[in-house]
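Each chain is listed here by its residues.
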Amino acid sequence: MRVVEKSQLMTAAEIDRTLSRLAHEIVERSGGTAGLSLIGIRRRGVPLSQRLARAIKSMDGSDVPVGTLDITLYRDDLSLVAPQPVVQSSDIPFSVDGQVIVLVDDVLYTGRTIRAAMNGLFDLGRPKRIELCVLIDRGHRELPIEATFVGRDVQTSDTEIIEVRLNEIDHEERVMLVERVP
Amino acid sequence: MLLIKNGRVLDPTSRTDAALDVLLDGERIAQIGAGIRAEDAEIFDASGLIVAPGFIDLHCHLREPGEEHKETIESGTRAAARGGFTAVCCMPNTKPVNDNASVTRGILERAAAAASVRVWPIGAASLGSKGEALAEIAAMKVAGIVAVSDDGRPIASAKLLRQVMDYCNSLGLPVMDHCEDTSLSAGGVMREGPTSVRMGLRGIPACAESIAVARGVQIAELTGGHFHVAHLSCRESLDLVRAAKANGLRVTCEVSPHHFTLTDEHITGYDTRFKMNPPLASRADRDALITGLADGSVDCIATDHAPHDAASKDVEFDKAPFGITGFETALALALGKLVHTKKLELMRLVGLFTTGPAKVLGISRSLAEGAAADLTVFSSEHEWTFRAADSASKSRNTPFDGAAFVGGPMATIVSGKIVWKR
Amino acid sequence: MSCHLRHMLGIEPLTREDISFILEQSRPFQEIQKHSLKKLATLRGKTVALAFFESSTRTRISFGTAASRLGADSMNLQAESSSLRKGESLIDTVKTLDAMKPDCIVMRHASSGAPHFVQQHLQIPVINAGDGTHEHPTQALLDALTILDRKGRLEKLNVTIIGDILHSRVARSNIQLLGKFGARFTLCGPAMWLPRELESLAPLGSTIRRTAIVEDAVRDADIVMVLRVQQERLHEPALPLEDYVLLYQLTPARLRLAPPDAIVMHPGPMIRGLEIDPAVADGPQSCVLDQVTNGLAVRMALLFLLIGGSHDEVKEALHAAD
């Protein structure tokens with residue numbers, strides 16, 4: 001099995017502009033930043049949530065709390081993922097009770113990751129409202145889950161994969177459409 | 001008539017080491033010389049092989065009567081023949097214990113019907129080997145025992161040992177003691193040392209054996225009797241035996257092949273094929289035993305062949321019975337560990353299997369005209385692999401399964417007949 | 001960093017990296033103990049067989065709770081009511097359990113090496129919850145997690161262990177674990193429980209010294225581990241308990257001889273007034289309750305690591321990019 005690059009969907013500059021726009025949308029919809037928290041889903045949701053928080057601070061001046069959520073323990077497909085699963089800690093240094101939580105992830109696909117993330121959040125407390133912000137929505141939902149804030153909608157087939165590469169993790173910055181070929 | 005041609009004859013009694021032919025006629029050796037011709041004889045070509053007097057195993061367990069699922073006289077002696085042994089002394093811890101003449105006769109009758117090699121029973125020292133009353137030793141002597149022992153266990157007390165040795169001295173029988181102080185060894189499953197501590201297994205200290213050896217040596221001095229240490233395993237015991245011999249006491253001893261080959265460090269993974277009593281000892285002990293085999297402090301090699309069925313050994317280490325089989329690997333282990341390493345000469349090795357045990361029993365074992373036609377033919381070079389699955393024994397409890405050997409038995413001749421050849 | 005853990009039979013075969021990985025994986029499970037809702041569905045549908053051939057309340061409950069908090073079911077075999085009383089062999093008992101298809105077996109047994117023996121006959125992972133006097137690996141792991149939290153490190157600690165070291169599987173596993181991190185051990189107890197061979201247990205890079213004097217043993221200690229005194233021991237005359245209290249009880253006065261930041265640990269169950277003074281057991285240096293909580297975290301992590309995934313080769317799921 002190899003991976004073949006088909007096209008570049010977003011450049012670094014486009015990612016940056018999209019995140020900026022998403023930050024504005026989040027603040028606008030909440031009517032401000034009071035009671036708002038961002039939680040990034042490991043792995044790439046994490047740097048995205050941090051960038052969103054920085055963007056919000058530079059436009060609004062306020063510090064929005066940012067947390068990290070590891071969903072390994074909440075997955076429904078643990079045995080399919082790897083012979084040896086590995087778990088990392090979540091790091092949410094604030095209470096989620098009564099908060100408006102914006103979950104942040106790079107790609108929304110079947111919706112199972114978000115379902116697991118919500119289970120994880122509910123183990124911690126009772127948020128007032130949960131919203132979802134994703135950089136890319138690629139369709140093919142298997143659960144009735146929708147994103148509140150979407151960077152870009154992309155039509156994909158089953159054999160295609162969206163690869164989001166971010167500086168903090170991949171040391172490069174772009175979004176690629178790739179295909180698995182036998 | 002059987003003519004063994006072209007072999008190298010090694011006879012410790014006459015110190016013969018020469019290329020000679022041997023002619024066997026019925027139960028006796030008829031002629032030894034160069035270039036013998038015999039028209040009616042069956043010919044066995046022993047080119048490249050060594051022809052020795054028939055090997056004797058002073059210590060084994062044939063399990064019959066009573067535990068025939070582990071071994072029988074028939075299967076055990078077949079295994080003995082494959083090991084080159086022409087005579088084996090079987091210990092009395094059968095069910096019932098061989099403590100009276102009728103059990104002794106029963107064993108001998110069974111052997112006459114089914115055994116491949118000579119069976120010389122050892123009688124119990126006490127009734128049931130319980131360590132209380134004396135067994136019917138004189139009656140058993142008439143029936144045919146060659147020695148006395150409560151093996152499986154030590155002779156229960158110093159007082160009983162004294163009585164037995166006095167009695168056996170008057171009857172001309174050696175007393176073979178399984179030397180173990182049971183208060184020190186109680187609950188132990190392997191040698192006490194760094195390995196037992198690391199594995200969390202209860203250990204048996206070396207002095208559990210040497211304290212009992214010291215007891216036996218002093219009672220030998222007190223009674224003038226013949227005290228033989230069964231399966232001696234540690235250097236403290238060997239030092240006591242050496243000193244006793246130097247003092248002119250009638251003290252002899254035997255060593256088993258696993259004790260001069262393996263150590264407690266070989267026990268890994270709680271493998272019960274390495275569990276026996278006395279247990280595998282330290283490297284220093286093993287090296288001391290090899291020195292003793294070379295310098296004459298050790299009189300003979302004896303296998304302590306102790307078969308156990310698979311189910312009884314396939315349990316947690318603590319619960320497994322002690323013992324491993326040994327007939328078929330004894331000579332190969334001795335050649336590998338003692339002769340190929342130049343620790344001792346081939347002639348001495350042959351002595352450890354022939355004149356050594358014979359002297360303990362007070363008989364002769366020589367390759368001479370008129371002597372019994374029992375011979376062991378072996379090779380010091382033949383490369384082979386021992387596989388437990390091919391053993392003639394009913395049991396498979398050996399740590400040497402799959403071991404590659406250089407040298408081993410090639411043919412066993414009892415009473416002028418080839419009872420086994422490779 | 002990951003390690004291919006298949007069984008947990010003992011600490012001896014593990015590397016420092018393996019141990020660090022397991023402790024790191026225990027952290028999220030420590031977190032979960034603080035949630036009001038402690039139940040996950042991670043191991044839902046999996047079954048953990050608890051085969052305790054030696055009676056134990058605390059360890060069995062700890063493993064049972066660990067399984068249950070991960071959403072797994074457990075099968076319970078207890079020594080008191082076991083068929084072993086009727087003469088069934090260990091191997092038959094274990095094969096009977098195995099025929100009911102658990103995903104792993106956690107076992108405690110009075111014979112050293114019993115889990116190694118069982119593991120040769122089964123396909124599923126085996127976790128050793130204590131075998132004879134050989135090892136108790138999960139105890140050493142939870143002790144290490146506790147030490148890491150209280151001391152900030154595992155490297156080169158001065159560790160004093162007081163009690164019946166010869167017969168202690170907890171001592172052996174701790175020596176193996178902390179020894180791999182270069183600990184300096186002082187083993188203390190009556191001479192008959194402290195044979196010279198214990199010194200050969202030290203892993204490379206660590207040292208062991210023995211002393212029969214507890215006041216000498218606790219000086220310079222970073223960690224003081226107190227072991228339980230077993231009153232009845234097979235094949236040996238019992239030690240008079242008054243003697244033990246006089247010579248070895250960890251009292252406040254003796255603890256004061258140790259550095260003020262030394263921590264006190266005990267694998268439990270404690271006998272207050274015997275090996276440990278109640279004031280010490282309840283005092284600020286004592287970690288015994290943390291040990292119990294961490295026991296749950298470590299056991300959850302192990303169950304997650306051993307049976308959370310699949311041990312077959314799998315094709316990468318197309319959803320892996322999710």
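The structure we're discussing is the one just above.
The sections below set out a description of the structure shown in this document. (Residues numbered from 1 in each chain as written. Chains lettered and ligands numbered in written order. Predicted model: local features only at pLDDT ≥ 70, side-chain atom pairs only at ≥ 80, totals over all residues. Heavy atoms only, no water.)

General note: in soluble globular proteins, nonpolar side chains tend to be found buried as a group. Core analysis: the biggest nonpolar cluster contains 111 residues, and C:Leu141 and C:Ile161 have the highest contact counts within it. Per-element tally for this core: the top contributor is helix α11 (residues 288-307) of chain C, with 11 residues. Those residues in contact with C:Leu141, other than ones at most four positions away along the chain, are C:Met8, C:Ile11, C:Ile19, C:Ile22, C:Leu23, C:Leu177, C:Val298 and C:Leu302. Counting residues in each nonpolar core, the second largest holds 72 residues, with B:Phe85, B:Met165, B:Val229 and B:Ile290 among its members. (Core = buried A, V, L, I, M, F, W, Y, C linked by side-chain atoms within 4.5 Å. Buried < 20%, exposed > 50% of the residue type's maximum accessible area, 1.4 Å probe, protein only. Helix = DSSP H or I, 4+ residues; strand = E, 2+ residues; numbered from the N terminus. Contact = heavy atoms within 4.5 Å.)

Next up on the list: the sheet that holds strand β2 (residues 73-78) of chain C. Residues and elements named next belong to chain C. Read from one edge to the other, the open sheet built from four strands follows the order β2-β1-β3-β4, with strand pairing classed as parallel. On the outer flanks of this sheet lie β2 and β4 (126-131), each paired with one strand and no other. Mean inter-strand twist for the sheet, computed between neighbouring axes without regard to direction, equals 10°. One ladder, built from six bridges, connects strand β1 (residues 47-52) with β2; its direction is parallel. (Pairing = 2+ DSSP bridges. Axes fitted to C-alpha atoms, helices over the stretch in contact; angles between N-to-C directions.)

On to unusual backbone geometry. Each neighbour pair has its own omega, and for A:Arg42 with A:Arg43 the value is 5°, a cis peptide bond. Note on placement: A:Arg43 falls in the loop between β2 (36-41) and α2 (45-60). In this structure, C:Pro269 follows C:Gly268 across a cis peptide bond, with omega equal to -5°. By secondary structure assignment, the location of C:Pro269 is in the loop between β9 (263-265) and α10 (278-281). Positive phi values are uncommon outside glycine, yet C:Lys101 reaches one of about 60°. Following the sequence through the fold, C:Lys101 ends up in the loop between α3 (90-99) and β3 (104-109).

With that out of the way, let us pick up the side chain of A:Asp137. All names here are of chain A. The residue aspartate 137 is located in strand β5 (residues 129-137) in this model. Reaching out from aspartate 137, the side chain makes a polar contact with the side chain of arginine 141 at a distance of 2.9 Å. Discounting residues that sit within four places of it in the chain, aspartate 137 has contacts with Leu108, Glu146, Val150, Arg152, Asp153 and Val154. (Polar contact = N/O pair within 3.5 Å; in protein donor to acceptor, adjacent residues only side chain to side chain.)

Let us now look at the side chain of B:Ser233. Residue and element names in this part refer to chain B. Relative to the helices and strands, serine 233 is located in the loop between β13 (227-229) and α8 (235-246). Side-chain polar atoms of serine 233 contact the side chain of glutamate 209, separated by 2.8 Å. Excluding residues that lie within four positions of it along the chain, serine 233 makes contacts with Glu209, His259, Pro278, Ala281, Asp285 and Leu289.

Under the counting rule described, the total for this entry stands at 51 salt bridges over all chains. In this structure, B:Arg215 and B:Asp177 form a salt bridge, with 3.3 Å as the shortest nitrogen-oxygen distance. With B:Arg215 in helix α7 (residues 207-223) and B:Asp177 in strand β10 (residues 175-177), the pair connects residues that are 38 residues apart, well separated along the chain. The closest approach of N and O atoms between B:Asp285 and B:Arg235, which form a salt bridge, is 3.5 Å. Here B:Asp285, found in helix α10 (residues 283-295), pairs with B:Arg235, found in helix α8; they are 50 residues apart in sequence, far enough to count as distant. Residue classification places B:Arg235 among the partly exposed residues on the basis of a relative accessible area of 35%. Each of the salt bridges in this network shares a partner with another, and the network as a whole consists of A:Glu5, A:Glu163, A:Arg165, A:Glu172 and A:Arg174. (Salt bridge = Lys/Arg side-chain N within 4 Å of Asp/Glu carboxyl O.)

All names here are of chain A. Packing of helix α1 (residues 12-30) against α2 leaves a shortest axis separation of 9 Å and a crossing angle of 65°. Note that α1 runs across α2; the crossing there is right-handed. On the side of α1, the interface is formed by Ile15, Leu19, Leu22, Ala23, His24, Ile26 and Val27, while α2 contributes Leu48, Arg51, Leu52, Ala55, Ile56, Met59 and Asp60. A class-by-class count of the residues in the contact of α1 with α2 yields 11 nonpolar, one polar and two charged. (Left-handed = near helix turned anticlockwise from the far one by under 90°. Nonpolar A, V, L, I, M, F, W, Y, C, P; charged D, E, K, R; others polar.)

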